[in-house]
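# Coordinates in review
Given next are the chains, with one letter for each unit.
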Amino acid sequence: MESSISASAWSAPPSTIRLDRDEVHIWQAELEESSAQIYRYLDTLAEEEKSRAERLYFQRDRHRFIIAHGILRAILGLYLDRAPHVLSFCYGSHGKPALEFEPVADAIHFNISHSHGVALYAIARGREVGIDVERNRREVDADQIAARFFSPREIATLRGLPADLRKYAFFACWTRKEAYIKARGEGLSLPLDQFDVSLIPGEPAALLCTRPDPDEAGRWSLRELALASGYVAALAVEGRGWSLSCWRWPRPHTYQPRY
Ligand SMILES: CC(C)(COP(=O)(O)OP(=O)(O)OC[C@H]1O[C@@H](n2cnc3c(N)ncnc32)[C@H](O)[C@@H]1OP(=O)(O)O)[C@@H](O)C(=O)NCCC(=O)NCCS
């Protein structure tokens, strides 16, 4: 199986969206829109989403939140053939959002991540997914964060790398760990040092080892997602034997979802 997808693999979506059980779809969106489009997205949000947006201090963050959630609803609407504003969400015990009233066996699962104006959406049928994107920031204190959150094996691997590869490997590790805990939906109640992910640049993304249940590692697949510039991203998917398609969420003038 392919272990990563290159930045050039992101393409425009087909005109009809169809998702089989052995497929995972990723959508990438830029969280910048005209005021008119932001209002259109706002109109599709539930009251609870609108009040979350209102609680954000900076206007840029409010806009990005509205756009990210408006696009989430528009994308899910495509799969469910429903208008974005009629969709409703429920939340797991640690806050993972899911579609409400979905039939269990064949349910559409999704997860989203956003960082510095970019959002990624993972969509799958009948299997859990988790996704994480981080901006590759120079100012991050990688050693301090690694010492606090990574497993002893990951810390040792990171320290053994040449200095010029360490920052990228740090973000690869971070996003893989986050994608996995987001797929599990357990947030930080799942201790980050109880599993090891691969992080050496050039090696495939993988969940190497899980504790205390070693079989857990075999129940998940990890994949690196390459974005155009300055971002690192990873995807975790329940099970194996699935194929990946990566699309860009287009601008409204090129692609208008049904409202
Ligand atoms: C909330 C958390 C799930 C991810 O937070 P994050 O990385 O800051 O943010 P992301 O943009 O990647 O993801 C946020 C989205 O995940 C989803 N989400 C929320 N809770 C979730 C959960 N328990 N499981 C999966 N997804 C969840 C939501 O859709 C949320 O979007 P929203 O806030 O717009 O509604 C959580 O794992 C967390 O707090 N992580 C930080 C852990 C950390 O400090 N790691 C250090 C290095 S490994």
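What comes next concerns the included structure. This one's a predicted model, so the numbers in the text were calculated from it and none came from an experiment. Sequence positions are assigned chain by chain, starting from 1 and proceeding in written order. Note on the predicted model: pLDDT of at least 70 is required for a residue's local features to be given, and 80 or more for side-chain atom pairs to be given and counted; whole-chain, interface and lining totals, by contrast, use all residues.

### Overview of the pairing of strand S6 (residues 118-125)
Note the cut-off: Around each residue's C-beta, the other C-beta atoms within 10 Å are counted; 20 or more make the residue buried, 12 or fewer make it exposed, and counts in between make it partly exposed. All C-beta atoms are placed from the backbone. By definition, any uninterrupted DSSP run of H or I lasting at least four residues is a helix, any uninterrupted run of E lasting at least two residues is a strand, and each is numbered from the N terminus. DSSP bridges decide pairing: two strands pair if at least two such bridges lie between them.
With seven of eight residues buried, S6 is to be regarded as a mostly interior element. Bridge analysis of strand S2 (residues 23-30) against S6 gives seven bridges, and the strand direction is antiparallel. In the sheet register, glutamine 28 faces S6, and the bridge partner there is leucine 120. Across eight bridges, the pairing between strand S5 (residues 108-115) and S6 is antiparallel. Paired with histidine 114 across the strands is alanine 119, a residue of S6. Adjacent in sequence and paired antiparallel, S5 and S6 are bridged by two residues, among which histidine 116 carries a positive phi angle near 45 degrees.

### Here's the deal with the site of the ligand
For clarity, the threshold we go by: What makes a residue near a molecule or strand is its C-beta atom, placed from the backbone, lying within 6 Å of it.
Every one of the 22 residues lining the ligand counts as a neighbour, but His94, Gly95, Lys96, Ser113 and Lys182 are closest to it. Secondary-structure elements contributing two or more residues to the shell around the ligand are S5, strand S7 (129-135), helix H4 (142-149) and helix H6 (163-184).

### Things to note about the sheet that holds S5
Selection rule: The angle between two axes is taken between their N-to-C directions and runs from 0 to 180 degrees, where each axis is a line fitted to C-alpha atoms and a helix contributes only its stretch in contact.
If you walk across this open sheet you meet the four strands as S5-S6-S2-S12, and the pairing is mixed. Of all strands in the sheet, those bounded by a partner on one side alone are S5 and strand S12 (243-248). Between one strand axis and the next, the sheet turns by 15 degrees as a mean value, whatever way the strands run. Pairing of S2 with S12 involves six bridges; the strand directions are parallel. Note on S12: the bridge partner recorded for histidine 25 is serine 245.

### Brief notes about the environment of leucine 222
Filter applied, for reference: Each residue is represented by a C-beta atom placed from its backbone, and any two residues with such atoms within 7 Å are regarded as in contact.
As for its position among the elements, leucine 222 is in strand S10 (residues 220-226). Classification of leucine 222 as buried rests on a count of 25 C-beta atoms within 10 Å. For the pair formed by leucine 222 and arginine 176, sequence separation is 46 residues and the distance between their alpha carbons is 7.1 Å. When near neighbours in sequence (up to four residues on either side) are disregarded, leucine 222 contacts Arg176, Ala179, Tyr180, Val197, Ala205, Ala206, Leu207, Ala234 and Ala236.

### Topic: the packing of helix H2 (residues 47-54) against helix H3 (residues 59-80)
Here is the rule we go by: Should an angle fall under 35 degrees it is called roughly parallel, over 145 degrees roughly antiparallel, and 65 to 115 degrees roughly perpendicular, with every other angle called oblique. In this classification, the charged set is Asp, Glu, Lys and Arg, the nonpolar set is Ala, Val, Leu, Ile, Met, Phe, Trp, Tyr, Cys and Pro, and all remaining amino acids, among them Gly, are polar.
Direction vectors running N to C along H2 and H3 enclose 155 degrees, while the axes themselves pass 8 Å from each other. With respect to H3, the axis of H2 lies roughly antiparallel. Contacts between H2 and H3 involve Glu49, Arg52 and Ala53 from the first element and Arg62, Phe65, Ile66 and His69 from the second. In the contact of H2 with H3, the residues fall into three nonpolar, one polar and three charged.

### A word on the pairing of strand S11 (residues 231-238)
Counting buried residues along S11, seven of its eight residues qualify, which places the element largely inside the surrounding structure. Relative to S11, S7 runs antiparallel, the two being bridged by seven bridges. Bridging across to S11, arginine 135 finds its partner in tyrosine 231. Across seven bridges, the pairing between S10 and S11 is antiparallel. Residue pairing in the sheet places alanine 226 in a bridge with valine 232 of S11.

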